[in-house]
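What follows is the residue order along each chain.
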There are 2 protein chains.
Amino acid sequence: MSKEPKAKSIIEPRVLKGFRDFLPSMEIPKKAITNNLEKHFRSYGFVPIDTPVLEYTEVLLGKGGGETDKQIFHFKDNGDRDVALRFDLTVPFARFLAQHHSELALPFKRFHIDKVWRGENPQKGRYREFTQCDFDIVGVDNAEADFEILSMMDSSFSVMGVKNYQFCIAHRGLFNAFLAHHGVLEQSVEILRTVDKLRKIGKDEVLALLHELTSDQEKAKAILQYISKEDEQEPFLTTLDRLTALSGGENPFSERMRTIYSYLCNAGIEAHFTFDPSITRGLDYYTGIVYETFLTELPHFGSVCSGGRYNDLASLYTKEKLPGVGSSIGLDRLLAALEELGSPLVASASSADVALFNTDVTQFSTYDRIARAMRKHGLRVSIYLLNKKQGAQYKWAETNAIPFAVILSEDDVQNNTLTLKNLRTREMQNALSTEAAIAVITKELF
Amino acid sequence: MSKEPKAKSIIEPRVLKGFRDFLPSMEIPKKAITNNLEKHFRSYGFVPIDTPVLEYTEVLLGKGGGETDKQIFHFKDNGDRDVALRFDLTVPFARFLAQHHSELALPFKRFHIDKVWRGENPQKGRYREFTQCDFDIVGVDNAEADFEILSMMDSSFSVMGVKNYQFCIAHRGLFNAFLAHHGVLEQSVEILRTVDKLRKIGKDEVLALLHELTSDQEKAKAILQYISKEDEQEPFLTTLDRLTALSGGENPFSERMRTIYSYLCNAGIEAHFTFDPSITRGLDYYTGIVYETFLTELPHFGSVCSGGRYNDLASLYTKEKLPGVGSSIGLDRLLAALEELGSPLVASASSADVALFNTDVTQFSTYDRIARAMRKHGLRVSIYLLNKKQGAQYKWAETNAIPFAVILSEDDVQNNTLTLKNLRTREMQNALSTEAAIAVITKELF
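Residues numbered from 1 in each chain as written. Chains lettered and ligands numbered in written order. Predicted model: local features only at pLDDT ≥ 70, side-chain atom pairs only at ≥ 80, totals over all residues.

**Focus: the overall build of chain A**
Here comes step 1: The helix and strand tally for chain A stands at 16 helices and 16 strands.
Here comes step 2: Dimensions of chain A, computed from C-alpha atoms along their principal axes, come out at roughly 90 × 60 × 45 Å.
Here comes step 3: The buried share of chain A, reckoned over its 446 residues, is 46%. (Helix = DSSP H or I, 4+ residues; strand = E, 2+ residues; numbered from the N terminus. Buried ≥ 20, exposed ≤ 12 C-beta atoms within 10 Å, placed from the backbone.)

Dropping the structure here:
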């Protein structure tokens, strides 16, 4: 309505601030990653669910609304209902559980990979539309479920081709036991929020804030001591022993951590896990383990996968207690990180394995026949559909990152053969049968 | 804000009218279908793209707005921008093309499977949130591209496990030639819209409307004759010859149809295609072939896949001419149809291949080790995570439609073996090695 372009009734093609198109060069890797993840989750018996993009605002925000309010897209629909676009996949899942738990067999293991929306100001690497990948186990509160989420997280990073990563874990219950031991449990919410800022504002600032909160310099110092690790390389169990002692001795939470760690050791994956008491996660609903994930080579990317145990997620909608543990991968951030790391998963945005050149349109059904035969052997074959010179066809294949070209010379047409060109090496093979060409391509690509 | 439920601050978990949750029993089949389709599209060299869910209202609706206006979800965002949820995948694609065509290598073959939103009144099988599956070839206007879309449509139905379907094709250009031959081309838009109602309102009503439109009973009769097929079984070429004659003889459009049909015959798929001159598709932008798809056993489901050739889709946003041809599958309707047909694709919502029973939690790491070994062989293994009696574990496996259970007896633990139970046949095998169990399960399932 604002700017009227000069050209008669041409509307400027553009997207909203903080939103973006995914061209094939980005969408192909994104799908490769989500497909790999979905297959992996399913191998652990996790199943997909889907929920509406639009929900009652009251359902998403609760009665109050609060801080998130300004950040969400909400409006009145044509039926005068107050509706909003989901801002995460956790709240809709809580609502879903309250509504459907009797139809599901608990323990319930689910994943959900889809878009969410927040109206916050877009920054580098932050968008108003982005994709989250959540996975949770609901209906069980024990070390085995905690371990299974951590174990699947770990193997998920392998599946995505990420090599150097570290999971930083802590335990909310243990921290609360420590706070209770020091008589400041009532202020746990404020203390947690303060501690969560450690990476951002540093120790001195946190200490000052804690002093203000507790009105007690000794207590503030004790809290800072709890969340600080003098030695970054401190072994997991040493940290656990130290924190347990600071909390007044063994308790169910320290024991839970010991069991989880023993499972990690038995599975041989303990090296990826660090006990980091500064991890608290700001959100109120966590009650047990909490964790964040950092890429060793790209620490400035922040956490690419976070979560924890909650024991009362759906309490806004039901009196049923539904304990759970879960994780969320920020796919856009991870995709950007993989791009920066030069991951082959992100680099391979080829549209096809074979470009079938169109040099004589009267032979089109022959091209189609060859393409069908190749597809039956799992090859991706794109026939060039314009009647243009070979130069244009080579260029098209190159822009599409297609590694092989099939070209039919006049001799090929007569003899029912084809010419195969490896577009990477420029190597050419003449007078091949379709079967022989399939063998060459398959050997090279797979 | 309206109804305050009695229970203290519990919010009723519910979704908006016309929206729905997908439980795993529906989401698993939906994903199976979309994964199959994506793999299939990629085998033809089609690539995925993604566009924002939210766009400027002006971009989606054009300057005017018009009839669609009431049907779309639109609102002012926090920045006072007029924004709307996309109501199809075609308009965003036109905008995308206008914006990015210079970055793409034409001809460009793309697919896009995602949700769209319309505020229309929900009816049986119609929702306010639904999934479309679009695929298009842009940058080429010839019989080869038309054929390739039809050919991929045909094989897509095979891939989805649909057996009995019929594509009904017509050609807008040929119809326009016919209208020009009778001097009523100026009224083509109104005539097309009237003709499009044939299935709904019947011949007499259509004739009356056409008479009103053309003010000429003879012309109205001639149009009705063109769009009517006395013999449902009339061969494709007989219909084409008849319509060509009614249009004043051969023209580029009749020749295009002949070429397309020859390609269909050469590919051996012509039996799935009927020339149906009553198919016009209401939408203005089609200029060449148009088609709809009916399931022979479920004609009342209406068309499950429609589309056609457009030669100026992006003209709202650019002066660049971008001809294309494309199709759209209505996935929700198709899913409902497959369910009604008892398709195995829809029936198989099993959460895992193997339920690993948890009979002694001290053996948990052994369960984990067995699960890992089985997953390496492509099996989906879900460990039961609660410490409950076997009866509860059997029930859980049954509700999740898991075909095999692995149980470790005390002997198994001592001898490093396992007990395998086929939950369908109740057959039990004792003292198997993990490898032997993998072999048995793989043989049974794959």
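Now that the structure is up, let's keep going.
**Looking at the domain arrangement of chain A**
Here comes step 1: For chain A, the assigned domains read domain 1 (24-345) and domain 2 (354-445).
Here comes step 2: For domain 1 of chain A versus domain 2 of chain A, the separation of C-alpha centres amounts to 49 Å. (Domains from an automatic or database assignment.)

**With respect to the nonpolar core**
Within soluble globular proteins, side chains that are nonpolar generally end up buried alongside one another.
Here comes step 1: Judged by nonpolar contacts, the single largest core of 263 residues is most densely connected at Val354(A), Leu356(A), Val406(A), Val354(B), Leu356(B) and Val406(B).
Here comes step 2: Among residues more than four places away in sequence, those in contact with Leu356(B) are Tyr367(B), Ile370(B), Ala371(B), Val381(B), Ser382(B), Ile383(B), Tyr384(B) and Val406(B). (Core = buried A, V, L, I, M, F, W, Y, C linked by C-beta atoms within 7 Å. Contact = placed C-beta atoms within 7 Å.)

**Some details on the relation of the copies chain A and chain B**
Here comes step 1: For the pair chain A and chain B, the relating rotation is 180°, the translation along its axis is 0.0 Å, and the fit reaches an RMSD of 0.0 Å. Interpreted geometrically, this transformation is the action of a two-fold axis. Among all C-alpha atoms of chain A, that of Phe75(A) lies closest to the rotation axis, at 3.2 Å. (Least-squares fit on C-alpha atoms with pLDDT ≥ 70 in both.)

**Comments concerning the pairing of strand E4 (residues 82-85) of chain B**
Residue and element names in this part refer to chain B.
Here comes step 1: Across three bridges, the pairing between strand E2 (residues 54-56) and E4 is antiparallel. The residue of E4 that forms the bridge with Tyr 56 is Val 83.
Here comes step 2: Sheet topology note: the strand E3 (residues 74-76)/E4 ladder contains three bridges and is antiparallel. Within the sheet, the bridge partner assigned to Phe 75 lies in E4 and is Val 83.
Here comes step 3: Hairpin connection between E3 and E4: a loop of five residues separates the two successive antiparallel strands, and Asp 80 in this loop has a positive phi of roughly 65°. (Pairing = 2+ DSSP bridges.)

**Remarks on helix H6 (residues 188-195) of chain B**
Residues and elements named next belong to chain B.
Here comes step 1: Within H6, burial applies to Ile 191, Leu 192, Thr 194 and Val 195. The buried side chains of H6 occupy one side of the element, clustering within an arc of 160° when seen end-on.
Here comes step 2: Looking at the buried positions of H6, the neighbouring elements they touch are helix H5 (172-181), helix H7 (198-214) and helix H8 (217-227). (Arc of directions from axis to C-beta.)

**Structural notes on the sheet that holds strand E9 (residues 286-295) of chain A**
Residue and element names in this part refer to chain A.
Here comes step 1: An order of E1-E5-E6-E11-E10-E9-E7-E8 is seen for the eight strands of this open sheet, with the pairing classed as mixed. Of all strands in the sheet, those with a lone pairing partner are strand E1 (47-48) and strand E8 (273-275), marking the two edges.
Here comes step 2: Across the face of the sheet, helix H5 (residues 172-181) comes into contact with strand E7 (165-171) and E9 while running at roughly 120° to E9. (Axes fitted to C-alpha atoms, helices over the stretch in contact; angles between N-to-C directions.)

**Quick word on the sheet that holds strand E15 (residues 418-422) of chain A**
Residue and element names in this part refer to chain A.
Here comes step 1: Pairing in this open sheet of five strands is mixed, and the strands run E13-E12-E14-E15-E16 from one edge to the other. Each of the sheet's edge strands pairs with one partner strand only, and the pair in question is strand E13 (381-383) and strand E16 (428-432). When the angles between neighbouring strand axes are averaged without regard to direction, this sheet yields 20°.
Here comes step 2: Direction of pairing for strand E14 (residues 404-407) relative to E15: antiparallel, over a ladder of four bridges. In the strand pairing of E15, Ala 405 is matched with Lys 421.

**Describing the environment of Asp77(A)**
Here comes step 1: Inspection of the secondary structure assignment puts Asp77(A) in the loop between strand E3 (74-76) and strand E4 (82-85).
Here comes step 2: We classify Asp77(A) as partly exposed; it has 17 C-beta atoms within 10 Å.
Here comes step 3: Not counting residues up to four positions away in its chain, the partners in contact with Asp77(A) are Val83(A), Phe73(B) and Gly119(B).

**Remarks on the packing of H5(A) against helix H10 (residues 252-266) of chain A**
Residue and element names in this part refer to chain A.
Here comes step 1: Following both chains from N to C, one finds H5 and H10 inclined at 150°, their axes separated by 8 Å at the closest point. Here H5 is positioned roughly antiparallel relative to H10, judged by the angle of their axes. Between H5 and H10 lies a crossing whose hand is left-handed. Contacts between H5 and H10 involve Gly 173, Leu 174 and Ala 177 from the former and Phe 253, Ser 254 and Met 257 from the latter. (Parallel < 35°, antiparallel > 145°, perpendicular 65-115°, else oblique. Left-handed = near helix turned anticlockwise from the far one by under 90°.)

**Regarding the interface of chain A and chain B**
Here comes step 1: Every contact between the two is made by 82 residues of chain A and, on the other side, 81 residues of chain B.
Here comes step 2: The leading source of residues in the side of chain A that touches chain B is helix H1 (residues 24-43) of chain A, at six residues.
Here comes step 3: Split into classes, the residues belonging to the side of chain A that touches chain B amount to 42 nonpolar, 17 polar and 23 charged. (Nonpolar A, V, L, I, M, F, W, Y, C, P; charged D, E, K, R; others polar.)

**Considering the environment of Cys305(B)**
All names here are of chain B.
Here comes step 1: Assignment of secondary structure puts Cys 305 in strand E10 (residues 305-310).
Here comes step 2: You can call Cys 305 buried: it has 24 C-beta atoms within 10 Å.
Here comes step 3: Once residues lying within four places of it in the same chain are set aside, the contact partners of Cys 305 are Met 153, Thr 293, Ser 327, Ser 328 and Ile 329.

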